[in-house]
Amino acid sequence: MSNRNRARILGLAGAALAASAAPAAETVAPLSLGFPIEELRGPSSYFARSLATSPLLQDKQPEGRELAAGWGAGGGIAFYVENGELRQARFASTGVDGPPLREAPGDAIPGSRMQTAGPLTVFLSAPRTDYRHAVLGDGIEAGQITISERQPLSGVVFEPRPVPTRVTTLSSGPEAVFEDLEPRLADLDGDGRPEILVVKSYFEKGAALAVIAKTGDGWSIAAETPPLGQPHRWLNVAAIADFDGDGKTDVALVRSPHLEGVLQVWSWDNGRLTLKHEAAGYSNHALGSTALDNAAAVDVNGDGRPELVVPTLDRRALAVVSLAGGIREISRIPLPGPVGKGLAVLGSGKDWHALAGLEDGRLVAVKPR
């Protein structure tokens, strides 16, 4: 089947899904911030987790409370859910371009952010400009992943001493770059140690999703999805969760979010990525933007299985999608403008709330009725 016919079939499937979706059971309310949102970060981001203990946030939050946070020229704001209600906590902006908290070390590529889990810290490094795609704005991609692991201390001592750290770098190879801004950490195989997920783009074949895993003392690429087939075709991860309750971790991503926008669900099983479902008509990225997190997993109905909240292809509505046994829209929520600055979800069940940063800098809150 040709790519054109395949895209047409997927498009018809997406249209059928949209037609069968129930009317939205949520309300949408613009938020008055006093400044335009530059970018929004969700609760799993390094920024939001760091903000909780940062001196920038004057209203201290209980340990373990999930935050979403955004900033712009004029201020910053954090959000949390308390007793089912969305609440705000302001913090001061630094008055300089970019995030008010450092999101990556100095040797990371510009505009990127690290991720951490236990002793593990991972970030994108070794800037390269030879791919010449600029889907993320500046044309600088990563030539390697840097993986830092804190090592256990031996013996018993009573004086402070530095924690030993093992640093590993993994190259994309000369024929590809890591076309991403944030590595994602997820324990795909349930062994208690996270794998690393990153977008790897081949010069001749386009983007693939790569899974980097540790075997023994070394890290290597354990699996990849098939590349998209031609240069300058890209994908963006939407969310990682067990969407159908089968005990296997799924990765939801959007292939070519600026073109046909195909939502795909890949399952991790015995060291392999297997395509389970796909449907066209969704987008989780604005071309040239550094805001990657425009979709999120959330259990909207309290059944213990997460759904996916993802923008439609024009990014002017949010689709609430069940990925259990297929791709089925539960509802579509029209927005007053296209999503482009980030999307974050807090809470679950009847208390879930979404925050959507629109391209024009407005921020809207979506909540269940």
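See the structure above.
Described below are features of the structure shown in this document. If you're wondering where the values come from, they're calculated on a predicted model, not measured in any experiment.

**Comments concerning the overall build of the chain**
Consideration 1: Scanning the chain from N- to C-terminus turns up 2 helices and 25 strands.
Consideration 2: For the chain, the C-alpha atoms occupy an extent of roughly 65 × 50 × 40 Å along the three principal directions.
Consideration 3: Here the chain, with 369 residues, has 52% of them falling under the buried criterion.
Consideration 4: In the chain, the share of contacts with a sequence separation of at least 24, taken over all contacts with a separation of at least 6, comes to 53%.
Consideration 5: As presented, the chain carries roughly 16,100 Å² of accessible surface, and 50% of it is formed by carbon and sulfur atoms.
Consideration 6: In the chain, the 36 positive side-chain charges and the 43 negative ones have mean positions that sit 3 Å from each other.

**Focus: the environment of Glu-103**
Consideration 1: Tracing the backbone through its elements, the reader meets Glu-103 in the loop between strand S5 (85–91) and strand S6 (115–117).
Consideration 2: Here Glu-103 falls in the buried class, since its relative accessible area comes to 6%.
Consideration 3: Counting along the chain gives 103 residues from Glu-103 to Gly-206, while the straight-line C-alpha distance between them is 27 Å.
Consideration 4: Here Glu-103 is in contact with Arg-41, Tyr-46, Phe-47, Trp-71, Ser-112, Arg-113 and Met-114, once residues within four sequence places are set aside.
Consideration 5: Side chain to side chain, Glu-103 and Arg-41 meet in a polar contact 2.8 Å long.

**Considering the packing of aromatic side chains**
A ring pair, where both rings are aromatic, is described by two values, the distance of the centres and the angle of the planes.
Consideration 1: Within this structure, the stated rule accounts for 3 aromatic pairs.
Consideration 2: Residues Phe-47 and Phe-91 carry aromatic rings whose centres are separated by 6.4 Å and whose planes lie at 50° to one another, so their mutual orientation is tilted. Highlighted residues: Phe-47 in helix H2 (residues 46–51) and Phe-91 in strand S5, separated in sequence by 44 residues. With respect to burial, Phe-47 and Phe-91 carry one shared label: buried.
Consideration 3: Over the ring of Tyr-202 we find Lys-205; its NZ or CZ atom is 4.5 Å from the centre of that ring.

**Structural notes on the sheet that holds strand S17 (residues 262–269)**
Consideration 1: A sheet is described by the order of its strands in space; here 4 strands give the open sequence S15-S16-S17-S18, paired in antiparallel fashion. Single-partner strands in this sheet number two, and they are strand S15 (235–241) and strand S18 (272–280). Taken pair by pair, the neighbouring strands of this sheet meet at an average axis angle of 25°, ignoring direction.
Consideration 2: Judged from the 6 bridges that link them, strand S16 (residues 250–255) and S17 form a sheet pairing that is antiparallel. Each residue of the ladder has a partner; that of Val-254, found in S17, is Leu-263.

Rules and cut-offs
Residues numbered from 1 in each chain as written. Predicted model: local features only at pLDDT ≥ 70, side-chain atom pairs only at ≥ 80, totals over all residues. Heavy atoms only, no water. Helix = DSSP H or I, 4+ residues; strand = E, 2+ residues; numbered from the N terminus. Buried < 20%, exposed > 50% of the residue type's maximum accessible area, 1.4 Å probe, protein only. Contact = heavy atoms within 4.5 Å. Areas by Shrake-Rupley, 256 points an atom, 1.4 Å probe, with all protein chains shown as cover. Lys, Arg positive; Asp, Glu negative; His and termini not counted. Charge placed at Lys NZ, Arg CZ, Asp CG, Glu CD. Polar contact = N/O pair within 3.5 Å; in protein donor to acceptor, adjacent residues only side chain to side chain. Phe/Tyr/Trp six-rings, centres within 6.5 Å; stacked < 30°, edge-to-face > 60°. Lys NZ or Arg CZ within 6 Å of the ring centre and 35° of its normal. Pairing = 2+ DSSP bridges. Axes fitted to C-alpha atoms, helices over the stretch in contact; angles between N-to-C directions.

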